[in-house]
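These are the residues of each chain, in order.
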Amino acid sequence: MTLDRISNRILIAEDDRTNRMFLKKGVSGLPYEFVFAETGDDALEKILSDDFDLLVLDVNMPGLSGFEVIQKYKELKPDFKIPFMFLTGQSESDSISKGFALGAVDYITKPFTMVEIRLRIKTHHDLYKSQIELNSYAKDMESLAKQRADQLVCADRLATLGTMSAGIMHEINNPTTFISGNVQIMKSKFFPVIEKIIKASPESETTKVKYILEEMPKMFDGINTGVARIKKITDGLKTFSRSSKKIEQLKPHCLKKCITNSITFTKSSIPSNVQIEYTEPAQNTFFSKIDSQQIEQVMINLIINSSHAIEEKNSPTIKLSLKSTDNEVIFKIKDNGPGIPNDVLENIWEPFFTTKVQGKGTGLGLAICQEIINAHSGSIKYTGDSSGAEFSIHLPKELAYA
Ligand SMILES: Nc1ncnc2c1ncn2[C@@H]1O[C@H](COP(=O)(O)OP(=O)(O)O)[C@@H](O)[C@H]1O
Ligand SMILES: [Mg+2]
């Protein structure tokens, strides 16, 4: 029996029929289910096959005595924790001591009144219940502490990553610049010369040479694509590590302008059949203290994510909207893609989490968005469903400009 749930069931073992009837009548109306046993053996069998919150045992019974029931049960279940009390005519101090030595919570000697029995049963049941509640509370606390410790480790890891990324980016950017510079020179300056020399040589007609002439430009392109990809990741990480700007550096801007700019910037990189629906609100109440470039970056990241999600749709559509309340400016972006399933949703704000094929996503987009919005004392939430993904951004309104 583990200390983890209440059954509201109490066992009373009493061999004497009259006493049993008296007890049955006496405990009626108490909010527990009472199970009566007529002998010690009967009591042991019942305890072994059912859950009880309290055992009330007569000491003298035919076969096993009340004490022996507990002794046997302890042998069979050494970890047993159910409270038990003895109810008996034996009032010798030896017997009382033995009962308590066995671990009884109470020992009631005859004569007793029914009021006394009822109160003692209730008290011990309440105590047991509190013990179970405390136990479960302790377990909850233990798992909460573990969860918090895990979160701290994760937060620490992310903070370290943020601090390290600026340095790492510098280290990666230097050789990258140099690779891409050299490739450019080789492609534009060296290759035409090499091509000329090779074509003029007597071996120019051999397949091997032809192969080199064909493959070399492709290899340059391959190197360029790789370098561009490294640059995309390093740029993303740079923004990630620098995105927590101080609020004093932010200036009042109209969010309407950020949206139109973001649409213009993304137009060339998203497929032409993607419809971007946005009706600019007429009134001018959309001012927030922001770093407009960073907020545009958030909008661009979200638009690009949506365009990826709706690539295979018949009428791929992205709807943007801007709303203003007394103290907030709310920007929403909704697409008609598949939305984000729950198991993916748990991870989308994690840096480097992506469900996209290698080369298409860095997994930094949403982590950057969150960093930027947090630095603006705003909030960004996923508010979509299976009809499409939706992200909502709330930014504090700059009242002076409203
Ligand atoms: N509009 C969207 N619709 C469906 N899934 C999305 C959308 N936006 C983001 N996601 C999911 O969130 C993941 C993380 O996005 P993000 O951090 O921008 O990284 P990336 O775009 O490089 O994968 C994506 O890989 C995708 O699974
Ligand atoms: Mg993205």
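Note that this is a predicted model, so its numbers are computed, not measured. (Residues numbered from 1 in each chain as written. Chains lettered and ligands numbered in written order. Predicted model: local features only at pLDDT ≥ 70, side-chain atom pairs only at ≥ 80, totals over all residues. Heavy atoms only, no water.)

Side note on the sheet that holds strand E2 (residues 33-37)
Taking strand neighbours across the sheet as the criterion, the five strands line up as E2-E1-E3-E4-E5 in an open arrangement whose pairing is parallel. The two strands at the open ends of the sheet, each matched to only one other strand, are E2 and strand E5 (106-109). Taking each pair of neighbouring strands and ignoring which way they run, the sheet shows an average axis angle of 20°. Where strand E4 (residues 84-88) lies against E5, four bridges are found, and the strand directions are parallel. Opposite Leu87, over in E5, you have Ile108 as the bridge partner. The strands touched by helix H1 (residues 17-27) within the sheet are strand E1 (9-13), E2 and E4, with E2 carrying the most contacts at an inclination of about 175°. (Pairing = 2+ DSSP bridges. Helix = DSSP H or I, 4+ residues; strand = E, 2+ residues; numbered from the N terminus. Axes fitted to C-alpha atoms, helices over the stretch in contact; angles between N-to-C directions. Contact = heavy atoms within 4.5 Å.)

Description of the nonpolar core
One finds Leu255, Ile295, Leu302, Leu320 and Phe331 to be the most contacted residues of the largest nonpolar core, which totals 41 residues. Beyond its immediate sequence surroundings of up to four residues, Leu302 is in contact with Phe331, Ile333, Leu366, Cys369, Ile380, Phe391 and Ile393. Counting 24 residues, the second-largest nonpolar core is a separate cluster that includes Leu44, Phe67, Phe84 and Leu102. (Core = buried A, V, L, I, M, F, W, Y, C linked by side-chain atoms within 4.5 Å. Buried < 20%, exposed > 50% of the residue type's maximum accessible area, 1.4 Å probe, protein only.)

A few points about helix H7 (residues 255-267)
Compared with an ideal rise of 1.5 Å per residue, which puts 13 residues at 18 Å, H7 spans 18 Å between its outermost C-alpha atoms and is within 8% of the ideal. Of the positions making up H7, those classed as buried are Leu255, Lys256, Cys258, Ile259, Ser262, Ile263 and Thr266. Looking down the long axis of H7, one finds its buried residues gathered within 160° of arc, a one-sided arrangement. The exposed set on the far side of H7, more than 90 degrees from its buried face, consists of Lys257, Thr264 and Lys267. (Expected span 1.5 Å × (residues − 1). Arc of directions from axis to C-beta.)

Observations concerning the environment of Asn135
Its location among the elements puts Asn135 in helix H5 (residues 114-200). C-alpha separation for the pair Asn135 and Arg5, spaced 130 residues apart in sequence, amounts to 9.8 Å.

A word on the environment of Met141
Residue position: Met141 is located in helix H5. Exposure remark for Met141: the relative accessible area of 36% places this residue in the partly exposed category. Residues Met141 and Val329, spaced 188 residues apart in sequence, show a C-alpha to C-alpha distance of 39 Å.

Focus: the site of ligand 1
In the neighbourhood of ligand 1, 20 residues make up the surrounding shell, with Asn305, Thr354, Thr355, Lys356 and Gly363 lying closest. Here an oxygen atom of ligand 1 and a side-chain polar atom of Thr355 are 2.4 Å apart. In the complex, 93% of the free accessible area of ligand 1, which totals 530 Å², lies under the protein chains. Where the shell around ligand 1 is concerned, the elements lending two or more residues are helix H8 (292-309) and helix H10 (365-375). If one sorts the elements of the shell around ligand 1 by residue count, H8 sits on top with three residues. A class-by-class count of the residues in the shell around ligand 1 yields nine nonpolar, nine polar and two charged. (Near = heavy atom within 4 Å. Polar contact = N/O pair within 3.5 Å; in protein donor to acceptor, adjacent residues only side chain to side chain. Areas by Shrake-Rupley, 256 points an atom, 1.4 Å probe, with all protein chains shown as cover. Nonpolar A, V, L, I, M, F, W, Y, C, P; charged D, E, K, R; others polar.)

Some words on the domain arrangement of the chain
With domains assigned, the chain is organised as domain 1 (9-112), domain 2 (156-241) and domain 3 (247-401). Taking only C-alpha atoms, the centre of domain 1 and the centre of domain 3 are 69 Å apart. (Domains from an automatic or database assignment.)

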